[in-house]
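Next come the chains, spelled out residue by residue.
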Amino acid sequence: MNAHGSALTAKRQPGTDSPLRADLRRRYAMTSGSTLRRVLTCARAPGVHAVLVLRFGQWSRRRPKLLRLLFDPVYMILDFFIQALWGIEIPRSAKVGPGLYIGHYGGITVSSIAVIGRDCNLSQNITIGVSGAGKKRGAPTIGDNVYIAPGARLVGKINIGHNVKIGANAVIHKDLPDNAIAVLDPGFKIISYAGNRPAHQAEEEPEA
């Protein structure tokens, strides 16, 4: 596993996409329909709004101090609206690689010290958070091409490898190697075979 060796640590080569352009290009590629429909869908997507504000905030942090006096308040206001309207909290201090895809909004919380690699997918109701104390305190470092399903929780100073899939509602607090698939086990339990029917119909059905 080499989450630290992702595209985050390498300088962008001349002629390659900026992180924002990679984010938008990936979102567009994952949207179906005509060109106009895809553009309109992307323009109204909360995930796109979130990455626009995130990349603007990261860009503004690299400006000279005088310019930051102008841009930082704008970023803070925009970031507040992203959190209030869409429930997406990704601080600009988090290290996020290009090609970030946020499919659905709501309940997304990313630590300010988290590291997320290239081409990662974040679903709704997930947490990438801080845990531990002392030298063990920290947030996850996530490799490239990682999918995090709805409801998953990744906490602590852990390393998540490349090409990893994390299932819905899984709680991850230990390292995962490259290409791992981690799920919550057991996933579900059947407690009735009555189905979605009115109670009187279920009662009238003869026993087998």
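Worth saying up front: this structure is predicted, and the values here are computed from it rather than measured. (Residues numbered from 1 in each chain as written. Predicted model: local features only at pLDDT ≥ 70, side-chain atom pairs only at ≥ 80, totals over all residues. Heavy atoms only, no water.)

Enquirer: Is there a simple way to think about unusual backbone geometry in this case?
Expert: A negative phi angle is the norm for most residues apart from glycine, just as the trans form is the norm for most peptide bonds. Unlike most non-glycine residues, N163 shows phi in positive territory, near 60°. Mapped onto the elements of the fold, N163 is located in the loop between β11 (159-160) and β12 (165-166). Looking at N163, the relative accessible area reads 37%, which means it is partly exposed. In this structure, N179 takes a positive phi of about 70° despite not being glycine. Looking at the element boundaries, N179 is found in the loop between β13 (171-172) and β14 (181-182). On the accessibility criterion, N179 (53% relative accessible area) is exposed. (Helix = DSSP H or I, 4+ residues; strand = E, 2+ residues; numbered from the N terminus. Buried < 20%, exposed > 50% of the residue type's maximum accessible area, 1.4 Å probe, protein only.)

Enquirer: Which parts of the structure should I look at to understand the side chain of R92?
Expert: When you line up the elements, R92 lands in the loop between β1 (88-89) and β2 (95-96). R92 sits in the buried class, given a relative accessible area of 12%. Here the side chain of R92 touches S60 through a polar contact of 2.8 Å, side chain to side chain. Ignoring sequence-local partners within four residues, the contact set of R92 consists of L54, G57, Q58, S60, R61, R68, D72 and Y75. (Polar contact = N/O pair within 3.5 Å; in protein donor to acceptor, adjacent residues only side chain to side chain. Contact = heavy atoms within 4.5 Å.)

Enquirer: What's the story with the packing of aromatic side chains in this structure? I'm lost.
Expert: One pair of aromatic rings is described through two measures. These are the centre distance and the angle between the planes. Enumeration according to the criterion identifies five aromatic pairs in this entry. Between F56 and F71, the ring centres sit 6.1 Å apart and the planes meet at 90°, which makes this aromatic pair edge-to-face. Residue F56 is located in helix α3 (residues 46-61), and its partner F71 is located in helix α4 (residues 65-86); the two are separated by 15 residues in the primary sequence. Above the ring of Y28, the side-chain terminus of R38 is found at 4.1 Å from the ring centroid. (Phe/Tyr/Trp six-rings, centres within 6.5 Å; stacked < 30°, edge-to-face > 60°. Lys NZ or Arg CZ within 6 Å of the ring centre and 35° of its normal.)

Enquirer: Explain the sheet that holds β1 to me, please; I cannot follow it from the model alone.
Expert: Sheet strands pair by backbone hydrogen bonding; their relative direction is either parallel or antiparallel. The sheet built from five strands is open, its strands ordered β1-β4-β7-β10-β13 with parallel pairing. The sheet is open, and its two borders are formed by β1 and β13, each paired with just one other strand. Relative to strand β4 (residues 108-110), β1 runs parallel, the two sharing two bridges. Pairing of E89 across the sheet is with T109, part of β4. (Pairing = 2+ DSSP bridges.)

Enquirer: So what exactly am I meant to see when it comes to the sheet that holds β14 here?
Expert: Taking strand neighbours across the sheet as the criterion, the five strands line up as β3-β6-β9-β12-β14 in an open arrangement whose pairing is parallel. Single-partner strands in this sheet number two, and they are β3 (101-102) and β14. As paired elements, β3 and strand β6 (residues 121-122) share two bridges and run parallel to each other. Within the sheet, the bridge partner assigned to Y101 lies in β6 and is N121.

Enquirer: What is the right way to look at empty space enclosed by the protein in this model?
Expert: All told, the structure shown has two cavities of 30 Å³ or more when counted by the stated rule. Approximately 40 Å³ is the volume found for the largest cavity. Those elements giving two or more residues to the lining of the largest cavity turn out to be α3 and α4. The element best represented in the lining of the largest cavity is α3, accounting for three residues. Of the residues assigned to the lining of the largest cavity, the class counts are six nonpolar, no polar and one charged. Taken as a whole, the second largest cavity encloses approximately 40 Å³ of empty space. Forming the walls of the second largest cavity are D23, L24, R27, G47, V48, V51, L100, Y101 and I102. Contributions of two or more residues to the lining of the second largest cavity are made by α1 (19-29), α3 and β3. The class makeup of the residues in the lining of the second largest cavity is six nonpolar, one polar and two charged. (1 Å grid on protein atoms, 1.4 Å probe; cavity = no way out; pocket = protein on both sides within 12 Å on 5 of 7 lines; lining within 4 Å. Points joined across faces, edges and corners; volume = space filled by probe spheres on them. Nonpolar A, V, L, I, M, F, W, Y, C, P; charged D, E, K, R; others polar.)

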